Amino acid sequence: MIYPLSGLIFGALFGAFRAKMRGGTIKDLLQWGIAFAIMFGLIGLFVLIFIERSYVQA
């Protein structure tokens, strides 16, 4: 559960930082933050699924 949550937080911060460095407004910061949060959250979800499936023993 921690990987998707970490991905969401890191993605939002990274997206907002990236927009700020390019001189974006508040709306740009929100849009980039949300887009990167979704992207990194999905990556974290796939990492979590991979880890859970690789350690489950039948």
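Given the structure is predicted, the values throughout are model-derived calculations rather than measurements.

A. Molecular detail of the overall build of the protein. Helix and strand counts for the protein come out as two helices and zero strands. Taking 10 Å as the expected radius of gyration for a compact globule of 58 residues, we find that the protein reaches 14 Å, considerably beyond that expectation. When its C-alpha atoms are laid out on the principal axes, the protein stretches across 50 × 15 × 15 Å. The proportion of buried residues among the 58 residues of the protein is 21%. Taking the contacts inside the protein whose residues are at least 6 apart along the sequence as the reference set, 60% of them involve residues at least 24 apart. In the form shown here, the protein has an accessible surface area of approximately 4,800 Å², with 74% of it arising from carbon and sulfur atoms.

B. Local environment of the packing of aromatic side chains. Enumeration according to the criterion identifies six aromatic pairs in this entry. Look at F36 and F40: their rings are 6.0 Å apart centre to centre, the planes differ by 50°, and that puts the pair in the tilted class. In this pair, F36 and F40 are both assigned in helix α2 (residues 26-55), four residues apart and thus about one turn of the helix distant.

C. Spatial organisation of α2. The first and last C-alpha atoms of α2 sit 43 Å apart over 30 residues, in line with the 44 Å expected at 1.5 Å per residue. Listing the buried residues of α2 in full gives L29, G33, F36, A37, G41, G44 and L48. Buried residues along α2 sit against α1 (2-21).

D. Spotlight on a nonpolar patch on the surface. A cluster of nonpolar residues, I2, Y3, L5, L8, I9, L13, M39, I43 and V47, forms a patch on the protein surface that exposes about 830 Å² of accessible area. Elements represented by at least two residues in the nonpolar patch include exactly α1 and α2. The greatest single-element share of the nonpolar patch, amounting to six residues, is contributed by α1. Summarising the element assignment, L13 is placed in helix α1.

Analysis parameters
Residues numbered from 1 in each chain as written. Predicted model: local features only at pLDDT ≥ 70, side-chain atom pairs only at ≥ 80, totals over all residues. Heavy atoms only, no water. Helix = DSSP H or I, 4+ residues; strand = E, 2+ residues; numbered from the N terminus. Rg over C-alpha atoms; globule rule 2.2 N^0.38 Å. Buried < 20%, exposed > 50% of the residue type's maximum accessible area, 1.4 Å probe, protein only. Contact = heavy atoms within 4.5 Å. Areas by Shrake-Rupley, 256 points an atom, 1.4 Å probe, with all protein chains shown as cover. Phe/Tyr/Trp six-rings, centres within 6.5 Å; stacked < 30°, edge-to-face > 60°. Expected span 1.5 Å × (residues − 1). Patch = residues over 30% accessible without salt bridge, like charges linked within 9 Å, V, L, I, M, F, W, Y side chains within 5 Å. Salt bridge = Lys/Arg side-chain N within 4 Å of Asp/Glu carboxyl O.

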